[in-house]
Amino acid sequence: MKACYPGSFDPITLGHLDIIERASRMFDEVVVMIMHNPRKTCAFSVEDRKRMIEESIESLEGVNNVSVVIGSGLTVDYAKKVGANAIIRGIRAVSDYEYELQQATANLMLNHEIETLFLIAKPKYSFLSSSVVKEIALNKGDIKAFLPSVIVKEVEDKMVEFHR
Ligand code: ADP
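Model, not experiment: these values are computed from the prediction.

Of regular secondary structure, the chain possesses 6 helices and 5 strands. Put simply, the chain runs from its N terminus to its C terminus through helices and strands in the order β-α-β-α-β-α-β-α-β-α-α. In terms of overall dimensions, the chain is globule-like: its C-alpha atoms have a radius of gyration of 15 Å, near the 15 Å expected for 164 residues. Considered along the principal axes of its C-alpha atoms, the chain spans approximately 45 × 35 × 30 Å. Partitioning the contacts of the chain with sequence separation of at least 6, the portion at a separation of at least 24 is 77%.

Laid out in structure tokens, this is it:
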């Protein structure tokens, strides 16, 4: 079975990477889909986000069934395009659940052959989001504990750029 994991990943965090690793052990194939949303302003380009995810996945031992694509349009349409019949989403708190329930229900109405499956965040990552990391980096705080080590410097440098 092939699953997709859609999101913004602006940038990927250890919370995202944990979901990717766990999903990779449950499915034959996992496609991380960076969904391009023209209405959302992101700090990193989709190409940079894709490369950062690919570099981060390399650090996962024994994981070789994950690929990364850049998608656009409706998530269910793109999921179908890549041949996935499951959508993975992560849930950190009840606040995530309300939004995710709405999205998952809408997606089920749009395509009843694609199921949304939720993985709950590990407690150590339940506070973690790309926005929190960017906010800390923007204020020159230490983000090492929150990101895959290979992308820490790039995120720090990028946020310094925002300061200029
Ligand atoms: P989106 O803009 O689609 O919400 P995100 O990149 O913010 O994209 O998140 C993608 C998915 O990963 C969402 O399902 C989100 O709930 C989940 N996620 C984000 N951070 C974490 C985390 N720390 N632990 C587990 N899941 C997470």
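Let's shift gears to the packing of aromatic side chains. A full pass over the atoms with the stated rule returns 2 aromatic pairs. Centre to centre, the rings of Tyr-5 and Phe-9 are 5.1 Å apart; their planes meet at 75 degrees, and the pair counts as edge-to-face. A single burial state applies to Tyr-5 and to Phe-9, both of which are buried. Arranged with centres 5.7 Å apart and planes meeting at 75 degrees, the rings of Phe-127 and Phe-146 form a pair that is edge-to-face. Pair noted here: Phe-127 is in the loop between strand 5 (115-120) and helix 5 (130-138) and Phe-146 is in the loop between helix 5 and helix 6 (152-163), with a separation of 19 residues, a long-range link.

Turning to the nonpolar core, a few remarks are in order. The tendency in soluble globular proteins is for nonpolar side chains to be buried as a group. Ranked by internal contacts, the top residues of the largest apolar core, which has 37 residues, are Ile-20, Ile-53, Ile-88, Ile-143 and Val-155. When contributions to this core are tallied by element, the ones reaching two or more residues are strand 1 (2-7), helix 1 (14-26), strand 2 (29-36), helix 2 (46-57), strand 3 (66-72), strand 4 (86-91), helix 5 and helix 6. Beyond its immediate stretch of four places on either side in the chain, Ile-53 contacts Phe-9, Ile-12, Ile-20, Val-32, Ile-34 and Val-68. Counting residues in each nonpolar core, the second largest holds 11 residues, with Cys-4, Tyr-78, Ala-84 and Ile-87 among its members.

Okay, the pairing of strand 1 next. By the criterion of burial, strand 1 is predominantly enclosed, with 5 of the 6 residues buried. For strand 1 and strand 2, the ladder comprises 6 bridges, and the chain directions are parallel. Of the residues in strand 2, the one forming a bridge with Lys-2 is Glu-29. At this point the chain moves from strand 1, through helix 1, to the parallel strand 2, and the crossover so formed is right-handed.

A few words on the site of the ligand. What surrounds the ligand is a group of 17 residues, the closest being Tyr-5, Ser-8, Lys-40, Gly-90 and Tyr-125. Here Phe-9 contributes a backbone N or O atom positioned 2.9 Å from an oxygen atom of the ligand. In the environment of the ligand, an oxygen atom lies 2.6 Å from a nitrogen or oxygen atom belonging to the backbone of Gly-90. Taking 550 Å² as the accessible area of the ligand by itself, protein coverage stands at 88%. Secondary-structure elements contributing two or more residues to the shell around the ligand are strand 1, helix 1, strand 4 and helix 4 (94-110). The class makeup of the residues in the shell around the ligand is 7 nonpolar, 5 polar and 5 charged.

Rules behind the numbers
- Residues numbered from 1 in each chain as written.
- Predicted model: local features only at pLDDT ≥ 70, side-chain atom pairs only at ≥ 80, totals over all residues.
- Heavy atoms only, no water.
- Helix = DSSP H or I, 4+ residues; strand = E, 2+ residues; numbered from the N terminus.
- Rg over C-alpha atoms; globule rule 2.2 N^0.38 Å.
- Contact = heavy atoms within 4.5 Å.
- Phe/Tyr/Trp six-rings, centres within 6.5 Å; stacked < 30°, edge-to-face > 60°.
- Buried < 20%, exposed > 50% of the residue type's maximum accessible area, 1.4 Å probe, protein only.
- Core = buried A, V, L, I, M, F, W, Y, C linked by side-chain atoms within 4.5 Å.
- Pairing = 2+ DSSP bridges.
- Right-handed = clockwise from strand over helix to strand, strands pointing away.
- Near = heavy atom within 4 Å.
- Polar contact = N/O pair within 3.5 Å; in protein donor to acceptor, adjacent residues only side chain to side chain.
- Areas by Shrake-Rupley, 256 points an atom, 1.4 Å probe, with all protein chains shown as cover.
- Nonpolar A, V, L, I, M, F, W, Y, C, P; charged D, E, K, R; others polar.

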